[in-house]
Structure formats: structure tokens, C-alpha cells
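# Residue-level structure breakdown
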Amino acid sequence: MFKKFSSLAVSLVLAVGLLSACGSSNNDNSAANTNNPDGAGDAKVTINMFTASPEYTEAFNAYIEEYKKVKPNVTINLEIMQADYNTVLKSKISSGQTPDVFQTTAGGDIDTFAEYSADLTNEPLAAAMTDAVRTSMTSTDGRVLGLPVKGNLMSLVANMDLLNQAGVTEIPQTIAEMDDAIAKLEAAGITPFANAYKEWWVWKHIFQHYVNAAAEDAGISAQELVNQFIAGTTTFQEHSVLYNNFFEFIDKTVTHGTNKPLERDSNAQVSDFATGEAAFLTGKGAWDEEAIKKITPDMNIQIAGYPVSDKPEQATIATGADQALRINKDSKVVNETIEFFNWLYTSDYGKSWFSEVARVIPPIKDAPLPDLDMPKQMDEILKAGKSGELSVNYSLDTFHQKFGELMQAYIGQSKSKDQAIDEIQKAWIQFGSSAQ
């Protein structure tokens, strides 16, 4: 369900207890008095957060510590677990121990957890979201039931130093251009692709670009196409971009990629790319830039859409929000929790937190971009062109995980292409929607 650092051998669990100032004993756990900015006189409140994003541990700690200055009566306990997060979350919910704040994927999973989520539609934090992000946080009945961890960018990532060394001056936008680039890279002794095919989640990040192109060819939205697959009313064979182009691209990344692709996890892939072992990073996005730059600070990174067809205009990046925090609607401190996130998403500190502390693409309006190459390039791309839909959001991660496992079986040669496709289509019907 949650993608980053899934190769970690152990879970990271962190409890952060903030010191609480003395509060009035005759005050209840209602939202703090806005005329009392230092929090004096408010009852002591504890908010329990349960998330699956260990890469943002320091950033979360920073905003918790900052909020202590605003509301010293509020204690925020942060628990972070990467391994088996989804299983543990469901166990907590089923046992009646739903955290005050918990994390899920966005899009379709907004509805999956709707009955546990506070309605944020009329809150300032919802108004602060960008339109694309707000859409990813909205249920099918029009309510905003989540708040974004970050904005996101998913794309093909290239080491332009290696491409230029091989005489490739631009990232390929068509299949023919990619074939030419592969030939030139290998002639120069450079491996074209760094893959992380041990991870189930990287597959969905590649596949969505082909879904977007197939939808465009069919004259419908990506969401409509995904809904057709979930309903079982279309097939891969009806969409050449999916049946042929996607599988041909995957075959190329394996044939012309780093060794033992099913043994390379996300961290190994980043290392392969950052140390110059390969020219292209597949299945990834903006979240990896800092890890890459820690290894090779001056790497000339460029992003682009995948060359999904012979139409260069279909090589688009994908942007939006794919992770959501949810506020437990039955929490005893629901008002205080909503107040906390309203502060984060609307205050001057919050606007700077996304770009300067978390160093992520802000999911809110009027916030600066982080000083990183990929977000800046995304901004320039979107000024001149379009973004592809974040179509991973239209299916549930229960489907995406099965999809990844079937693609692993395909490149491991335990399933043929048609066997993998048949099982993917069945899984889409079985797992693709919360309505199933």
C-alpha cells in the first residue's frame, strides 16, 4: 500500500511526546480559543498519529515541535511503521483503536476509509489545497475526507551526463527515440535502465503512463478507462498501448537494465542510478532526488514522461497526490486535530514547511517549491504543457499490489504475457474498487 523504503528490514516506530503546559482544569477537549494564541487556559490534549512515511520523520517532528509553541497544551504522539502498516492499521480499526490521525493512499482509498474519516470539506485546509490535490482527497459523494502528505511527481528520470556522453541530447519521447538511445548508450558502454522490480509498487508508477495514453487514444478520461477495467467491459487487447507498448517497454528495461532485476529494491536502484551504473531511473519520481544528490550532489538530472507510443505529445509526466492523512471522525480530540492541520496548511510556517523542511512539492496554493531540480523542472513543464493524470489513484492498492506481483512473475518467466494479462484483468475486477 505504501511505497517508499519498503525494503527496510524492520519497522520504524517513533513516539514523540511533547511537553504540555499547565491548562485550566475546568476546560474540556474542545477546539482551543482563537483569542488565546499562546494556548494558556486550554485543557491538555493528546493527539495520536499513525503514519507510514519514515522518510518524513524529521519533518513531522519539526512541525510537531513548532506547534508546541502555538498550543503548548497539545501533545502529539507520532508512531511510524513501514513494514505491515496496512495490516496493523486495519487491526487497530477493527479493534476499536483507530488512531486520531492515520495514513492511507488517496484516490479510490478515500472511499475505502470514508466511514472512519472526518469531513474536511468546509475547513480552511481544504480551501488551501491545489485543485488537483483536492480532487485526490475527495470521495465519490463530493466530500474532502483526506489531507495530502505532499504533492507528487512521477516520471522517467534521466542522468543527462550519461546520455550526453553517449550522444543523446534529449530524453526520448517516442518508442523509436528510446530504441535509438538504448543503442547509443550501450555502444558507449552504459547500461540504460536502473530498475527496482523487487518492489511491487514501482510497476503501477510506470503503468499509469500507458493507461493515460490508452485513455487518450480511446477518447475518454483515464478514470473512465480504469472504471471499464474494474467493470470488466474492456480488455488489454482493445488497447495496443497496454497490450503491446507497455510490455515491450518492460522487456526492454529488463534486457537493457541492471542485473537481477527481481533482486533490486528501491534503495539498490537509487544507488545504481546515483553512482552512474545506469542512465534511466524507472518507476520513480521526485521523492528520490535528495537520496540521489546525497550520493552525487552535482548530477545533471532531468525528468520527462515515458515514451509510451510514437506520439511525442503522449510522453507526459504525472502529478497530483497519492498519499492522504485521515482524521478519525470519532476521535475524542477531533476538533483539536482539525485545528492542528488547519494551522499547518494555512499558516506562514506551514507554507514554508513543505518546501523548506519536508522539501516536497507543496500540495497547497501559494507555497514555494523546494530548491530541488525535479520540482523546478515540473513547474517549467506545466507552464508550457500538460500533466498526465495520476491514474494510480483510480484503483485500490489491493489491486496494484497484485498487479506488481503478476508483473514480477512475468519477468521471472513463471507466467506468459497473456497469462499475466488475464490475471491482471481478473484482479482489477476483484480488487479494483472499494465498491467490490
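Refer to the structure above for everything that follows.
Below is a short write-up of the structure. A quick note: this is a predicted structure, and the numbers were derived from the prediction, not measured.

The subject of this paragraph is empty space enclosed by the protein. By the definition in use, this model includes 6 cavities of 30 Å³ or more. By volume, the largest cavity is sized at about 70 Å³. Ile175, Met178, Tyr210, Asn245, Glu248, Phe249, Lys252 and Pro307 together form the lining of the largest cavity. Taken together, the elements giving at least two residues each to the lining of the largest cavity come down to helix H7 (175-187) and helix H10 (240-255). Residues that form the lining of the largest cavity fall into these classes: 5 nonpolar, 1 polar and 2 charged.

Turning our eyes to something else, we now look at the sheet that holds strand E1 (residues 45-51). Whenever strands of a sheet pair, they do so through backbone hydrogen bonds, lying parallel or antiparallel. The 5 strands are arranged E2-E1-E3-E10-E4 in an open sheet whose pairing can be described as mixed. Whereas interior strands pair on both sides, the edge strands pair on one side only; in this sheet they are strand E2 (74-80) and strand E4 (147-148). The pairing of E1 with E2 spans 7 bridges and is classified as parallel. Bridging across to E2, Asn48 finds its partner in Asn77.

A word on the packing of aromatic side chains. For the coordinates displayed, the defined rule picks out 33 aromatic pairs. Relative to Trp428, the ring of Phe207 has its centre 6.0 Å away and its plane inclined at 50°; by these criteria the two rings are tilted. Of this pair, Phe207 sits in helix H8 (residues 202-218) while Trp428 sits in helix H17 (residues 417-431); the two residues are 221 residues apart in sequence, bridging distant segments of the chain. Residue class for Phe207 comes out buried when judged on its relative accessible area of 4%. Relative to Phe341, the ring of Phe340 lies with its centre 4.7 Å away and its plane at 55°, an arrangement referred to as tilted. Accessibility assignment for this pair places Phe340 and Phe341 in one class, buried. Its end group placed over the ring of Phe50, Lys92 keeps NZ or CZ at 4.9 Å from the ring centre. The cationic tip of Lys417 hangs over the ring face of Tyr243; the distance from NZ or CZ to the ring centre is 3.9 Å.

What follows concerns the nonpolar core. In terms of nonpolar packing, the biggest core is built from 109 residues, with Tyr63, Phe236, Phe280 and Phe341 touching the most fellow members. With residues near it in sequence (within four places) discarded, Phe341 still touches Met49, Tyr63, Val101, Leu125, Leu147, Leu325 and Ile327. Leu281, Met299, Ile303 and Met378 belong to the second-largest nonpolar core, a separate cluster that totals 17 residues.

Burial analysis of strand E5 (residues 152-159) places 8 of its 8 residues in the buried class, which makes it a mostly covered element. Sheet topology places E5 next to strand E9 (residues 318-320); 3 bridges connect them, and they run antiparallel. Bridging from a neighbouring strand, Met154 pairs with Ala318 of E9. Two elements, E5 and strand E7 (residues 278-285), share 4 bridges in a ladder whose sense is antiparallel. Paired with Ser155 across the strands is Lys284, a residue of E7. Judged from the 4 bridges that link them, E5 and strand E8 (residues 301-304) form a sheet pairing that is antiparallel. Across the sheet, residue Asn159 finds its bridge partner in E8, namely Ile301.

About the criteria used
Residues numbered from 1 in each chain as written. Predicted model: local features only at pLDDT ≥ 70, side-chain atom pairs only at ≥ 80, totals over all residues. Heavy atoms only, no water. 1 Å grid on protein atoms, 1.4 Å probe; cavity = no way out; pocket = protein on both sides within 12 Å on 5 of 7 lines; lining within 4 Å. Points joined across faces, edges and corners; volume = space filled by probe spheres on them. Helix = DSSP H or I, 4+ residues; strand = E, 2+ residues; numbered from the N terminus. Nonpolar A, V, L, I, M, F, W, Y, C, P; charged D, E, K, R; others polar. Pairing = 2+ DSSP bridges. Phe/Tyr/Trp six-rings, centres within 6.5 Å; stacked < 30°, edge-to-face > 60°. Buried < 20%, exposed > 50% of the residue type's maximum accessible area, 1.4 Å probe, protein only. Lys NZ or Arg CZ within 6 Å of the ring centre and 35° of its normal. Core = buried A, V, L, I, M, F, W, Y, C linked by side-chain atoms within 4.5 Å. Contact = heavy atoms within 4.5 Å.

Coordinates in, geometry out; function isn't part of it.
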